[in-house]
Amino acid sequence: MGSRRIEFVIAENPPKRLDKAVSRDVPEEASLSRTRLAKLIEAGALTVDGAVVQDPKARIEAGAQVAIEVQEAEDSHIGPEDIPLEIIFEDDDLIVINKPAGMVVHPAPGSPSGTLVNALLHHFGGALSGVGGVKRPGIVHRIDKETSGLLVVAKSDAAHQGLAVQFEKHTVERYYQAICYGVPDASDPRLRGIKGTSFEAGNILKITTQLARHKTDRQRQAVLFQGGRHAVTRARIVESFGTPPVAALVECWLETGRTHQIRVHMAHAGHGLIGDPTYGGRRKLAAKALDETAQAAVRAFPRQALHAAVLGFDHPVTGAALRFEAPLPQDMADLLAALRG
(Lines give C-alpha, C1' and ligand atoms only; values in the text may rest on other atoms or scores of the structure.)
Protein backbone atom coordinates (compact mmCIF):
# COMPACT_ATOMS: atom_id res chain seq x y z
CA MET A 1 0.00 0.00 0.00
CA GLY A 2 1.32 3.45 -0.89
CA SER A 3 1.54 6.45 1.39
CA ARG A 4 1.72 10.23 1.22
CA ARG A 5 3.71 12.62 3.39
CA ILE A 6 2.10 15.81 4.69
CA GLU A 7 4.42 18.51 6.05
CA PHE A 8 3.55 21.84 7.63
CA VAL A 9 4.64 24.32 10.31
CA ILE A 10 2.69 25.10 13.48
CA ALA A 11 1.48 28.70 13.29
CA GLU A 12 1.55 31.37 16.00
CA ASN A 13 -0.37 30.94 19.27
CA PRO A 14 -1.11 27.22 18.92
CA PRO A 15 -3.46 25.37 21.29
CA LYS A 16 -1.54 23.74 24.12
CA ARG A 17 -2.36 20.17 23.06
CA LEU A 18 -0.60 18.56 20.10
CA ASP A 19 -3.79 17.06 18.64
CA LYS A 20 -5.64 20.39 18.70
CA ALA A 21 -2.72 22.32 17.23
CA VAL A 22 -2.26 19.80 14.44
CA SER A 23 -5.98 19.77 13.71
CA ARG A 24 -5.94 23.58 13.44
CA ASP A 25 -2.91 23.83 11.16
CA VAL A 26 -2.97 20.71 8.97
CA PRO A 27 -3.50 21.79 5.33
CA GLU A 28 -7.13 21.70 4.31
CA GLU A 29 -6.31 19.81 1.13
CA ALA A 30 -5.02 16.92 3.28
CA SER A 31 -8.71 16.13 4.08
CA LEU A 32 -7.92 14.70 7.51
CA SER A 33 -10.56 14.87 10.20
CA ARG A 34 -9.79 15.31 13.90
CA THR A 35 -10.69 11.67 14.48
CA ARG A 36 -8.37 10.48 11.74
CA LEU A 37 -5.54 12.70 13.01
CA ALA A 38 -5.94 11.31 16.51
CA LYS A 39 -5.58 7.76 15.18
CA LEU A 40 -2.51 8.72 13.16
CA ILE A 41 -0.88 10.26 16.25
CA GLU A 42 -1.58 7.13 18.30
CA ALA A 43 -0.18 4.95 15.49
CA GLY A 44 3.15 6.81 15.52
CA ALA A 45 2.64 8.33 12.07
CA LEU A 46 3.37 11.89 13.22
CA THR A 47 6.73 13.52 13.90
CA VAL A 48 7.52 16.90 15.44
CA ASP A 49 10.93 18.28 14.44
CA GLY A 50 11.86 14.76 13.31
CA ALA A 51 10.83 12.93 16.49
CA VAL A 52 7.80 10.64 16.69
CA VAL A 53 5.19 11.92 19.15
CA GLN A 54 2.30 9.62 20.12
CA ASP A 55 0.85 11.56 23.03
CA PRO A 56 -2.09 13.70 21.79
CA LYS A 57 -1.76 15.86 24.92
CA ALA A 58 1.91 16.70 24.31
CA ARG A 59 2.87 20.39 24.25
CA ILE A 60 3.88 21.94 20.96
CA GLU A 61 5.29 25.35 20.12
CA ALA A 62 4.83 27.73 17.20
CA GLY A 63 7.33 27.07 14.43
CA ALA A 64 7.51 23.32 15.05
CA GLN A 65 7.95 21.26 11.89
CA VAL A 66 5.25 18.57 11.66
CA ALA A 67 5.23 15.63 9.26
CA ILE A 68 2.50 13.00 8.96
CA GLU A 69 2.88 9.76 7.02
CA VAL A 70 -0.58 8.76 5.80
CA GLN A 71 -1.16 5.34 4.31
CA GLU A 72 -3.37 5.47 1.25
CA ALA A 73 -6.91 4.34 1.92
CA GLU A 74 -7.35 0.59 1.65
CA ASP A 75 -10.24 -1.05 -0.12
CA SER A 76 -13.31 -1.79 1.95
CA HIS A 77 -14.21 -5.40 2.74
CA ILE A 78 -17.75 -4.56 1.58
CA GLY A 79 -18.32 -5.43 -2.06
CA PRO A 80 -19.70 -2.98 -4.64
CA GLU A 81 -23.07 -3.87 -6.19
CA ASP A 82 -24.71 -2.39 -9.27
CA ILE A 83 -27.92 -1.12 -7.66
CA PRO A 84 -29.75 1.91 -9.10
CA LEU A 85 -29.65 5.06 -6.97
CA GLU A 86 -31.70 8.26 -7.09
CA ILE A 87 -28.98 10.88 -6.67
CA ILE A 88 -30.24 14.32 -5.62
CA PHE A 89 -26.83 16.02 -5.32
CA GLU A 90 -23.19 15.02 -5.56
CA ASP A 91 -19.79 16.71 -5.50
CA ASP A 92 -16.25 15.72 -4.48
CA ASP A 93 -17.12 15.72 -0.77
CA LEU A 94 -20.59 14.27 -0.35
CA ILE A 95 -23.63 12.74 -1.97
CA VAL A 96 -27.34 13.12 -1.18
CA ILE A 97 -29.54 10.12 -1.98
CA ASN A 98 -33.31 9.65 -2.05
CA LYS A 99 -33.37 6.16 -0.52
CA PRO A 100 -36.25 3.88 -1.46
CA ALA A 101 -38.21 1.97 1.15
CA GLY A 102 -36.86 -1.55 1.55
CA MET A 103 -33.17 -0.66 1.29
CA VAL A 104 -30.90 -1.11 4.32
CA VAL A 105 -28.29 1.64 4.71
CA HIS A 106 -25.30 -0.44 5.89
CA PRO A 107 -24.51 -4.17 5.73
CA ALA A 108 -25.27 -5.99 8.96
CA PRO A 109 -26.09 -9.53 10.07
CA GLY A 110 -29.24 -10.46 8.19
CA SER A 111 -28.56 -7.83 5.48
CA PRO A 112 -25.07 -8.57 4.13
CA SER A 113 -25.74 -7.20 0.65
CA GLY A 114 -28.13 -5.08 -1.37
CA THR A 115 -27.52 -2.11 0.90
CA LEU A 116 -27.00 1.57 0.19
CA VAL A 117 -23.29 1.21 0.99
CA ASN A 118 -22.92 -1.61 -1.54
CA ALA A 119 -24.63 0.56 -4.15
CA LEU A 120 -22.49 3.61 -3.34
CA LEU A 121 -19.24 1.66 -3.59
CA HIS A 122 -20.23 0.65 -7.12
CA HIS A 123 -21.31 4.19 -7.99
CA PHE A 124 -18.07 5.75 -6.74
CA GLY A 125 -15.80 3.20 -8.38
CA GLY A 126 -12.26 4.24 -7.46
CA ALA A 127 -13.17 7.90 -6.94
CA LEU A 128 -13.43 7.74 -3.16
CA SER A 129 -10.75 9.36 -1.01
CA GLY A 130 -11.65 7.25 1.98
CA VAL A 131 -13.03 7.71 5.48
CA GLY A 132 -10.92 6.66 8.44
CA GLY A 133 -8.26 5.19 6.15
CA VAL A 134 -10.69 2.90 4.29
CA LYS A 135 -12.30 3.50 0.92
CA ARG A 136 -15.85 3.53 2.18
CA PRO A 137 -18.75 5.98 2.27
CA GLY A 138 -19.01 7.95 5.51
CA ILE A 139 -22.39 7.20 7.07
CA VAL A 140 -23.24 10.02 9.49
CA HIS A 141 -26.95 9.25 9.92
CA ARG A 142 -29.36 6.52 8.92
CA ILE A 143 -33.01 6.03 8.16
CA ASP A 144 -34.77 2.74 8.75
CA LYS A 145 -34.95 0.09 6.06
CA GLU A 146 -38.66 0.65 5.40
CA THR A 147 -38.46 4.45 5.65
CA SER A 148 -37.92 6.30 2.38
CA GLY A 149 -36.24 9.63 1.78
CA LEU A 150 -33.16 11.80 1.97
CA LEU A 151 -29.78 10.76 3.29
CA VAL A 152 -26.40 12.53 3.07
CA VAL A 153 -23.21 10.46 2.89
CA ALA A 154 -19.62 11.73 3.15
CA LYS A 155 -16.99 10.88 0.55
CA SER A 156 -13.95 12.13 2.50
CA ASP A 157 -12.65 12.43 6.05
CA ALA A 158 -13.13 16.20 6.07
CA ALA A 159 -16.76 15.95 4.96
CA HIS A 160 -17.43 13.12 7.40
CA GLN A 161 -16.08 15.14 10.32
CA GLY A 162 -17.92 18.32 9.32
CA LEU A 163 -21.24 16.56 8.88
CA ALA A 164 -20.83 14.59 12.11
CA VAL A 165 -20.35 17.84 14.07
CA GLN A 166 -23.57 19.29 12.62
CA PHE A 167 -25.57 16.20 13.49
CA GLU A 168 -24.07 16.17 16.98
CA LYS A 169 -25.05 19.81 17.50
CA HIS A 170 -28.56 19.17 16.10
CA THR A 171 -28.20 21.94 13.50
CA VAL A 172 -29.23 19.74 10.57
CA GLU A 173 -32.73 20.46 9.26
CA ARG A 174 -34.75 17.24 8.96
CA TYR A 175 -38.45 17.13 8.20
CA TYR A 176 -40.43 13.94 7.74
CA GLN A 177 -43.90 13.27 6.42
CA ALA A 178 -45.87 10.55 8.16
CA ILE A 179 -49.39 9.16 8.01
CA CYS A 180 -50.65 8.20 11.44
CA TYR A 181 -53.70 6.76 13.14
CA GLY A 182 -55.86 9.43 14.73
CA VAL A 183 -55.31 13.18 14.71
CA PRO A 184 -52.77 14.67 17.18
CA ASP A 185 -54.72 17.81 17.97
CA ALA A 186 -54.39 20.10 20.99
CA SER A 187 -58.16 19.84 21.52
CA ASP A 188 -57.79 16.17 22.46
CA PRO A 189 -57.67 16.02 26.28
CA ARG A 190 -56.21 12.51 26.14
CA LEU A 191 -52.94 13.85 24.70
CA ARG A 192 -52.50 16.34 27.50
CA GLY A 193 -52.62 13.48 29.97
CA ILE A 194 -49.73 11.56 28.41
CA LYS A 195 -46.41 12.08 30.15
CA GLY A 196 -43.85 13.75 27.91
CA THR A 197 -46.35 15.34 25.52
CA SER A 198 -47.24 19.02 25.31
CA PHE A 199 -48.39 21.54 22.72
CA GLU A 200 -46.66 24.63 21.40
CA ALA A 201 -48.17 27.58 19.54
CA GLY A 202 -49.62 26.64 16.18
CA ASN A 203 -51.04 23.31 17.39
CA ILE A 204 -47.57 21.73 17.34
CA LEU A 205 -47.28 18.53 19.33
CA LYS A 206 -43.99 18.25 21.24
CA ILE A 207 -42.88 14.88 22.58
CA THR A 208 -39.97 14.87 25.05
CA THR A 209 -38.72 11.62 26.59
CA GLN A 210 -35.67 9.45 26.99
CA LEU A 211 -35.23 6.54 24.57
CA ALA A 212 -33.36 3.28 25.07
CA ARG A 213 -33.33 -0.24 23.70
CA HIS A 214 -36.26 -2.29 24.95
CA LYS A 215 -35.29 -4.63 27.81
CA THR A 216 -36.78 -7.79 26.29
CA ASP A 217 -37.19 -7.02 22.57
CA ARG A 218 -33.81 -5.85 21.25
CA GLN A 219 -35.34 -4.78 17.93
CA ARG A 220 -37.46 -2.12 19.61
CA GLN A 221 -36.84 1.18 21.34
CA ALA A 222 -38.65 2.04 24.57
CA VAL A 223 -39.77 5.34 26.06
CA LEU A 224 -38.18 6.12 29.43
CA PHE A 225 -38.08 9.12 31.72
CA GLN A 226 -34.88 8.18 33.50
CA GLY A 227 -31.77 6.83 31.80
CA GLY A 228 -31.56 6.33 28.06
CA ARG A 229 -30.93 9.17 25.62
CA HIS A 230 -32.75 12.49 25.45
CA ALA A 231 -35.14 12.70 22.47
CA VAL A 232 -37.43 15.49 21.24
CA THR A 233 -39.88 15.24 18.33
CA ARG A 234 -42.33 17.83 17.06
CA ALA A 235 -45.30 17.19 14.80
CA ARG A 236 -48.03 19.26 13.20
CA ILE A 237 -51.15 18.23 11.33
CA VAL A 238 -51.05 18.79 7.58
CA GLU A 239 -54.32 17.08 6.69
CA SER A 240 -56.85 14.83 8.43
CA PHE A 241 -59.02 12.09 6.96
CA GLY A 242 -62.39 10.55 7.74
CA THR A 243 -65.69 11.60 9.25
CA PRO A 244 -65.04 11.72 12.12
CA PRO A 245 -61.27 12.09 11.50
CA VAL A 246 -59.43 8.81 12.08
CA ALA A 247 -56.07 9.39 10.37
CA ALA A 248 -53.77 12.28 9.56
CA LEU A 249 -50.85 13.35 7.42
CA VAL A 250 -48.36 14.97 9.81
CA GLU A 251 -45.08 16.78 9.37
CA CYS A 252 -42.52 15.75 11.97
CA TRP A 253 -39.16 17.29 12.72
CA LEU A 254 -36.35 16.22 14.97
CA GLU A 255 -34.50 18.14 17.63
CA THR A 256 -32.50 14.97 18.27
CA GLY A 257 -31.99 11.94 16.06
CA ARG A 258 -32.42 8.60 17.83
CA THR A 259 -33.14 5.15 16.47
CA HIS A 260 -36.84 4.82 15.50
CA GLN A 261 -37.47 8.19 17.18
CA ILE A 262 -40.51 9.37 15.23
CA ARG A 263 -42.06 5.92 15.16
CA VAL A 264 -41.75 5.26 18.89
CA HIS A 265 -42.67 8.81 19.90
CA MET A 266 -45.83 8.91 17.78
CA ALA A 267 -46.83 5.51 19.16
CA HIS A 268 -46.22 6.78 22.70
CA ALA A 269 -48.61 9.64 21.98
CA GLY A 270 -51.22 7.17 20.75
CA HIS A 271 -50.73 8.04 17.08
CA GLY A 272 -48.69 5.15 15.71
CA LEU A 273 -47.81 5.24 12.04
CA ILE A 274 -49.98 3.37 9.58
CA GLY A 275 -48.23 0.18 8.44
CA ASP A 276 -45.63 0.21 11.22
CA PRO A 277 -45.24 -3.47 12.20
CA THR A 278 -43.19 -2.68 15.30
CA TYR A 279 -44.97 0.27 16.91
CA GLY A 280 -48.07 1.17 14.91
CA GLY A 281 -50.05 -2.02 15.17
CA ARG A 282 -53.03 -2.78 12.93
CA ARG A 283 -55.89 -0.72 14.20
CA LYS A 284 -59.51 -1.22 13.28
CA LEU A 285 -60.90 2.07 12.03
CA ALA A 286 -64.51 3.13 12.56
CA ALA A 287 -66.51 1.48 9.78
CA LYS A 288 -68.32 4.64 8.71
CA ALA A 289 -65.39 7.04 9.03
CA LEU A 290 -63.75 5.99 5.74
CA ASP A 291 -65.05 4.24 2.64
CA GLU A 292 -64.02 0.65 1.95
CA THR A 293 -61.33 1.67 -0.55
CA ALA A 294 -59.60 3.76 2.09
CA GLN A 295 -60.05 1.11 4.76
CA ALA A 296 -58.50 -1.50 2.46
CA ALA A 297 -55.58 0.81 1.59
CA VAL A 298 -54.81 1.32 5.28
CA ARG A 299 -54.99 -2.41 6.03
CA ALA A 300 -52.77 -3.30 3.08
CA PHE A 301 -50.08 -0.64 3.52
CA PRO A 302 -46.92 -2.75 3.85
CA ARG A 303 -44.50 -0.49 5.75
CA GLN A 304 -44.39 2.40 8.18
CA ALA A 305 -45.82 5.40 6.34
CA LEU A 306 -42.76 7.59 6.93
CA HIS A 307 -40.70 9.61 4.45
CA ALA A 308 -37.64 11.82 5.06
CA ALA A 309 -38.81 14.74 2.93
CA VAL A 310 -36.44 17.62 3.74
CA LEU A 311 -32.72 17.67 4.56
CA GLY A 312 -30.79 20.88 5.13
CA PHE A 313 -27.22 21.48 6.33
CA ASP A 314 -24.11 23.56 5.70
CA HIS A 315 -21.67 22.05 3.24
CA PRO A 316 -18.91 20.67 5.51
CA VAL A 317 -16.11 21.91 3.22
CA THR A 318 -17.38 25.02 1.38
CA GLY A 319 -19.76 26.25 4.09
CA ALA A 320 -22.58 26.79 1.57
CA ALA A 321 -26.12 26.34 2.88
CA LEU A 322 -27.73 23.32 1.22
CA ARG A 323 -31.38 22.24 1.39
CA PHE A 324 -33.01 19.35 -0.45
CA GLU A 325 -36.58 18.10 -0.78
CA ALA A 326 -37.88 14.72 -1.97
CA PRO A 327 -41.54 14.25 -2.94
CA LEU A 328 -43.63 11.52 -1.37
CA PRO A 329 -42.97 8.10 -2.86
CA GLN A 330 -45.74 6.57 -4.93
CA ASP A 331 -46.99 4.17 -2.25
CA MET A 332 -47.60 6.98 0.26
CA ALA A 333 -49.11 9.20 -2.43
CA ASP A 334 -51.52 6.38 -3.33
CA LEU A 335 -52.43 5.89 0.34
CA LEU A 336 -53.22 9.61 0.66
CA ALA A 337 -55.35 9.48 -2.49
CA ALA A 338 -57.36 6.60 -1.05
CA LEU A 339 -57.80 8.39 2.28
CA ARG A 340 -59.06 11.46 0.48
CA GLY A 341 -61.68 9.34 -1.26
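Quick note: structure is the one above.
All values reported here derive from a predicted model rather than from experimental measurement.

## Notes on unusual backbone geometry
Now for step 1: A cis geometry characterises the amide bond from Thr-243 onward to Pro-244, with omega recorded as 0 degrees.
Now for step 2: When you line up the elements, Pro-244 lands in the loop between strand 15 (229-241) and strand 16 (247-254).
Now for step 3: With phi around 50 degrees, Asp-49 is a residue other than glycine that occupies positive phi space.
Now for step 4: Structurally, the position occupied by Asp-49 is in the loop between strand 2 (46-48) and strand 3 (51-52).
Now for step 5: Among the residues examined, Asp-49 registers a relative accessible area of 54% and is labelled exposed.
Now for step 6: For His-170, which is not glycine, the phi dihedral falls at a positive 60 degrees.

## Concerning the layout of surface pockets
Empty space among the atoms becomes apparent when a probe as large as a water molecule is rolled across them.
Now for step 1: Roughly 1100 Å³ of volume is contained in the largest pocket.
Now for step 2: As for the largest pocket, its lining consists of 36 residues, of which Arg-142, Ile-143, Asp-144, Arg-258 and Thr-259 are closest to the centre.
Now for step 3: Sorting the residues of the lining of the largest pocket by element identifies helix 4 (157-168), strand 11 (173-181), strand 13 (204-213) and helix 6 (261-268) as the ones contributing at least two each.
Now for step 4: Residue classes in the lining of the largest pocket are distributed as 16 nonpolar, 11 polar and 9 charged.

## A look at the sheet that holds strand 3
Now for step 1: Taken in spatial order, the 4 strands line up as 1-4-2-3 in an open sheet, and their pairing is antiparallel. Because the sheet does not close on itself, it has two edges, and the strands there are strand 1 (3-9) and strand 3.
Now for step 2: Direction of pairing for strand 2 relative to strand 3: antiparallel, over a ladder of 2 bridges. Among the inter-strand pairings, Val-48 is bridged to a residue of strand 3, identified as Ala-51.
Now for step 3: Against the sheet, helix 2 (residues 34-42) contacts strand 2 and strand 4 (65-71), and its axis sits at roughly 95 degrees relative to strand 4.

## Here we look at the environment of Leu-290
Now for step 1: Mapped onto the elements, Leu-290 comes out in the loop between helix 6 and helix 7 (292-300).
Now for step 2: By relative accessible area, Leu-290 is classed as buried at 7%.
Now for step 3: Ignoring any residue separated from it by four or fewer positions in sequence, one finds Leu-290 in contact with Phe-241, Gly-242, Val-246, Leu-285, Gln-295 and Leu-339.

## Some thoughts on the pattern of salt bridges
Now for step 1: All chains considered together, the criterion is met by 17 salt bridges.
Now for step 2: Residue Arg-17 is joined to Asp-19 by a salt bridge in which the shortest nitrogen-to-oxygen separation is 2.7 Å.
Now for step 3: Take Arg-17: its relative accessible area is 28%, and that puts it in the partly exposed class.
Now for step 4: Overall, the relative accessible area of 18% leaves Asp-19 in the buried class.

## Comments concerning the packing of aromatic side chains
Now for step 1: Here the structure, examined in full by the defined rule, presents 3 aromatic pairs.
Now for step 2: When the ring of Phe-89 is compared with that of Phe-324, the centres are 5.4 Å apart and the planes differ by 40 degrees; the resulting orientation is tilted. Here Phe-324 lies in strand 18 (residues 321-325) and Phe-89 lies in strand 6 (residues 87-90), a separation of 235 residues in the sequence.
Now for step 3: The exposure class of Phe-89 is partly exposed, given its relative accessible area of 25%.
Now for step 4: Judged by relative accessible area, which is 10%, Phe-324 ranks as buried.
Now for step 5: Measuring from centroid to centroid gives 6.1 Å for Phe-313 and Phe-324, while their planes differ by 45 degrees, and the two rings are tilted. A residue pair is termed long-range when its members are at least 10 positions apart, and Phe-313 in strand 17 (residues 306-314) and Phe-324 in strand 18 qualify at 11 residues.
Now for step 6: Here Phe-313 falls in the buried class, since its relative accessible area comes to 3%.
Now for step 7: Members of the aromatic cluster, connected to one another through ring pairs, are Phe-89, Phe-313 and Phe-324.

Parameters at a glance
- Along every chain, residues carry numbers that run from 1 in the direction the sequence is written.
- In keeping with the predicted nature of the model, local features appear solely for residues at pLDDT of at least 70, side-chain atom pairs appear and are counted solely at 80 or more, and the whole-chain, interface and lining totals rest on all residues.
- Excluding hydrogens and water, the side-chain figures rest on all heavy atoms present in the structure.
- Think of it this way: any DSSP run of H or I at least four residues long counts as a helix, any run of E at least two long counts as a strand, and we number them from the N terminus.
- Think of it in three bands: with a 1.4 Å probe and only protein chains considered, a residue is buried below 20% of the maximum accessible area for its type, exposed above 50%, and partly exposed in between.
- Of the grid points, spaced at 1 Å and generated over the protein atoms alone, those admitting a 1.4 Å probe that cannot get out make up cavities, while open sets with protein on both sides within 12 Å along at least five of seven lines make up pockets; any residue with an atom within 4 Å of a point is treated as lining.
- Grid points are joined across faces, edges and corners, and a volume is the space filled by probe spheres set on the points.
- Asp, Glu, Lys and Arg are counted as charged, while Ala, Val, Leu, Ile, Met, Phe, Trp, Tyr, Cys and Pro are counted as nonpolar; the rest, among them Gly, fall into the polar class.
- Strand pairing is assigned whenever DSSP identifies at least 2 bridges connecting the two strands.
- Any two residues whose heavy atoms approach within 4.5 Å are treated as being in contact.
- Angles shown run from 0 to 180 degrees and are taken between the N-to-C directions of axes, each axis being a line fitted to C-alpha atoms and, for helices, limited to the stretch in contact.
- We count a salt bridge whenever a side-chain nitrogen from Lys or Arg sits within 4 Å of a carboxyl oxygen from Asp or Glu.
- Two rings from Phe, Tyr or Trp (for Trp, the six-membered ring) form a pair when their centres are within 6.5 Å of each other. A pair whose planes differ by under 30 degrees is stacked, one over 60 is edge-to-face, and the rest are tilted.

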